[in-house]
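Listed below are the residues making up each chain.
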Amino acid sequence: MDNSYMPITELCNPFLIRTCALIGGEWCESDSKKYFPVINPATGELLTNVADAGVEEARRAIVAAAQAQSNWMQKPVQERSRLLHAWHALVLKHSDDLALILTLEQGKPLTEARAEIAYGASYIEWFAEEAKRIYGDIIAPQHPDQRIMVIKQPVGVVAAITPWNFPNAMLARKLAPALAAGCAVVAKPAAETPLSALALAWLAEEAGIPAGVINIVPSTDASAIGIEFSSNKLVRKLSFTGSTRVGKILIQQCAEDVKRITLELGGNAPFIVFEDADLDAAVAGAMASKFRNAGQTCVCANRFYIHRNIQSVFCAKLIQAMQSLTIGNGVASETKIGPLISRSAVKKVQSLVDDALKKGARITYQADLDKTLLAIGSYYPPTVLNNIADDSLLLTQEIFGPVVAILPFDSDEEVAKLANDTDYGLAAYCFTRDSKRIKKMSEILATGMLGINTGTISNAMAPFGGVKHSGWGREGSHYGIADYLEIKYICEQI
Ligand code: NAP
């Protein structure tokens, strides 16, 4: 297997590697002169060191955003749209470099990294157009001598916090609607993956987006930055993508200032295959949903409910498909599964598997890891588990690794109840050819998003988001810009 990787210096445009915070158009070292390492999870090697911003830098970035905000919101929408289109074009132009940076810091295979760059860019393009469609209303008045008008205005400065699993797209999905609505942004990317965020911001600058409209504060002090973002009165909205645990902390912190908050949190997606399903389509859907990003996505199938009568055929077909998953460094062309984000992520997946095994689960398939990958410690082999006890932790927690948990069911009512028996409600998947069943499941599954006969649901035109502990608000689609707008009602006496 070719496990060689391209060093960072082999990028077509080395300027894309930014290692400083971006504050008010200046690339700044941290006040404390502290740096933190960015590690390639595929090899354990150091990629580079990045300036470690603290609360002071976050404050300065918020002030810079507030100063940039007033000019930005007053720009004609056509101009904001043009700048977003220019940024989109630059992201596409540099997509190979951006994908390589993403793979090096995050670990996903290059083909998936390219797909993420295209996916992130599609939000920039989508909201470049939505910027032109921020409509108000004229409403029929109560009295003939009154005029009732509704206008939409940007919420103000937005603070954004993003995770490591989609370091480009999760940020693009926040920056694009915020900028389209007329908001300036201060963002903190995950400490594991700051380079993708910084590269995206540099391209925005190159595209002509004015200084201060996008500010990035990479930091290892997430909780301090989170407190500043939540409590600083210049910030009018916080948009967070990450775990439900941190989401709950941010809700509490934002309560004091009654700050608007959008939360894209964790999931525990059920993947239901009914007896009448096209099993080849179900296996293709399972492969797409479960193994993208080595199982580290919020919409990953977490619990596979397979009708008892087809369970053994489904498992045999799935295991056959899984045998083609080459594990390795994401930069190698044959790699289909890269490393997990870190050794501790591997330990967490292993602890969930151990808990299931202790309670009676059986491993029906597990890929082999070669010695080199084992020694690196950040790889987890694709695994199938059967005979899983109801109280196994992997049924209530996000596995966040390439582990398939198979559970049998006998009736529609039973499986709907099992699927909904979770605090989460982000994504769900159903495979069936029965139109009545499709209608019924669409209505009764408690989820923000439902894939019917597909394992791939994300796109910029659609509202992405969850219910229950999976979050508040939607990203993408025409709903996605609403979260960055205030509604103002004006009553005019004529
Ligand atoms: P995480 O631990 O919640 O971290 C997410 C971000 O929050 C990171 O930037 C992290 O910074 C920061 N953070 C950590 N503690 C914080 C605090 N006390 N205050 C403010 N910020 C804080 O989540 P993760 O492990 O990176 O990401 C995986 C999670 O994200 C999963 O639960 C996944 O389902 C969810 N996710 C949801 C969606 C969605 O659209 N619903 C999409 C992608 C991922 P550091 O990295 O520096 O700690």
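On a predicted model such as this, the values are computed, not experimentally measured, just so you know.

Q: Can you explain helix α8 (residues 244-255)? Please cite residues and give values.
A: Here α8 spans 17 Å end to end across twelve residues, near enough to the 16 Å set by a 1.5 Å rise per residue. Considering only its buried residues, α8 is in contact with β7 (157-161), α7 (222-231), β10 (235-241) and β11 (260-264).

Q: I'd like a rundown of the pairing of strand β16 (residues 403-409), residues and numbers included.
A: Within β16, six of the seven residues are buried, which leaves the element mostly enclosed by the surrounding structure. Alignment of strand β13 (residues 301-307) against β16, held across four bridges, turns out to be parallel. Following the sheet pairing, Y305 is matched in β16 by L407. Where strand β15 (residues 383-386) and β16 come together, three bridges link them in parallel fashion. Paired with V384 across the two strands is V404, which belongs to β16.

Q: Any chance you could break down unusual backbone geometry for me, citing the residues and the numbers?
A: One non-glycine residue, A294, lies in positive phi territory at about 55 degrees. Along the chain, the position of A294 falls in the loop between α9 (279-291) and β13. For A294, a relative accessible area of 3% corresponds to the buried category. One non-glycine residue, N387, adopts positive backbone phi at about 60 degrees. Mapped onto the elements, N387 comes out in the loop between β15 and β16. Exposure remark for N387: the relative accessible area of 49% places this residue in the partly exposed category.

Q: Provide a residue-level description of the site of the ligand, including the pertinent values.
A: As a structural note, the neighbourhood of the ligand is formed by 30 residues, with T162, R173, S243, L265 and E398 the closest of them. The side chain of W164 places a nitrogen or oxygen atom 3.1 Å from an oxygen atom of the ligand. Between the ligand and the protein, one listed contact pairs an oxygen atom with a side-chain N or O atom of S243 at 2.6 Å. Residue assignment for the shell around the ligand shows that the elements contributing at least two residues are α5 (169-181), α7, β10 and α8. The element best represented in the shell around the ligand is α7, accounting for three residues.

Q: Lay out the pairing of β11 with the relevant residues and their values.
A: Most of β11 is tucked away: four of the five residues are buried. As paired elements, β10 and β11 share five bridges and run parallel to each other. Its bridge partner being in β11, S239 is matched across the sheet by T262. Once the chain exits β10 it traverses α8 before rejoining the sheet at β11, and the crossover so formed is right-handed. Here β11 pairs with strand β19 (residues 471-472) via two bridges, running antiparallel. When the sheet's bridge partners are listed, L263 is paired in β19 with W472.

Q: Quick one: what's the story with the packing of helix α2 (residues 77-93) against helix α4 (residues 110-130), residue by residue and with numbers?
A: Close contact between α2 and α4 brings their axes to 8 Å; oriented N to C, the two are set at 165 degrees. Overall, the two elements α2 and α4 adopt an arrangement that is roughly antiparallel. Remark: the crossing between α2 and α4 carries left-handed chirality. The segment α2 lies against α4, with S81, L84, H85, W87, H88, V91 and L92 engaging I117, A121, I124, E125, F127, A128 and E129.

Q: How would you explain the environment of L46 if you had to name every residue and give the values?
A: Along the chain, L46 turns up in strand β4 (residues 45-51). As a C-alpha pair, L46 and E105 span 59 residues in sequence and 9.5 Å in three-dimensional space. Each residue touching L46, except ones within four places of it in the same chain, is listed here: P37, V38 and I39.

Q: Give a description of the packing of aromatic side chains that names residues and reports values.
A: The relative placement of two aromatic rings is captured by the distance of their centres and the angle of their planes. The final tally for this structure, using the stated rule, is seven aromatic pairs. Relative to W202, the ring of F15 has its centre 6.2 Å away and its plane inclined at 20 degrees; by these criteria the two rings are stacked. A residue pair is termed long-range when its members are at least 10 positions apart, and F15 in the segment before β1 (21-23) and W202 in helix α6 (residues 194-206) qualify at 187 residues. Classification of F15 by relative accessible area gives exposed; the value is 55%. The interplanar angle of 85 degrees and the centroid separation of 5.8 Å between the aromatic rings of W164 and F400 together place this pair among those described as edge-to-face. Here F400 lies in the loop between β15 and β16 and W164 lies in the loop between β7 and α5, a separation of 236 residues in the sequence. Ring-pair connections join several aromatic residues into one group, and the members of that group are F271, F304, Y429 and F431. The side chain of R18 reaches across the aromatic face of W27, ending 4.6 Å from its centre. The side chain of R173 reaches across the aromatic face of F464, ending 4.0 Å from its centre.

Q: Describe the pattern of salt bridges, and please don't skip the residues or the numbers.
A: Per the stated rule, a full pass over the model turns up 23 salt bridges. Residues D31 and R60 are paired through a salt bridge, measuring 3.1 Å at the closest nitrogen-oxygen approach. On the criterion of sequence distance, the pair formed by D31 in the loop between β2 (26-28) and β3 (35-40) and R60 in helix α1 (residues 55-74) is long-range, its members being 29 residues apart. Classification of D31 by relative accessible area gives partly exposed; the value is 42%. R260 is the partner of E486 in a salt bridge, and the nearest nitrogen-oxygen pair spans 3.3 Å. Taken together, the residues E486 in strand β20 (residues 485-493) and R260 in strand β11 connect sequence positions 226 residues apart.

Parameters and conventions
Residues numbered from 1 in each chain as written. Predicted model: local features only at pLDDT ≥ 70, side-chain atom pairs only at ≥ 80, totals over all residues. Heavy atoms only, no water. Helix = DSSP H or I, 4+ residues; strand = E, 2+ residues; numbered from the N terminus. Expected span 1.5 Å × (residues − 1). Contact = heavy atoms within 4.5 Å. Buried < 20%, exposed > 50% of the residue type's maximum accessible area, 1.4 Å probe, protein only. Pairing = 2+ DSSP bridges. Near = heavy atom within 4 Å. Polar contact = N/O pair within 3.5 Å; in protein donor to acceptor, adjacent residues only side chain to side chain. Right-handed = clockwise from strand over helix to strand, strands pointing away. Axes fitted to C-alpha atoms, helices over the stretch in contact; angles between N-to-C directions. Parallel < 35°, antiparallel > 145°, perpendicular 65-115°, else oblique. Left-handed = near helix turned anticlockwise from the far one by under 90°. Phe/Tyr/Trp six-rings, centres within 6.5 Å; stacked < 30°, edge-to-face > 60°. Lys NZ or Arg CZ within 6 Å of the ring centre and 35° of its normal. Salt bridge = Lys/Arg side-chain N within 4 Å of Asp/Glu carboxyl O.

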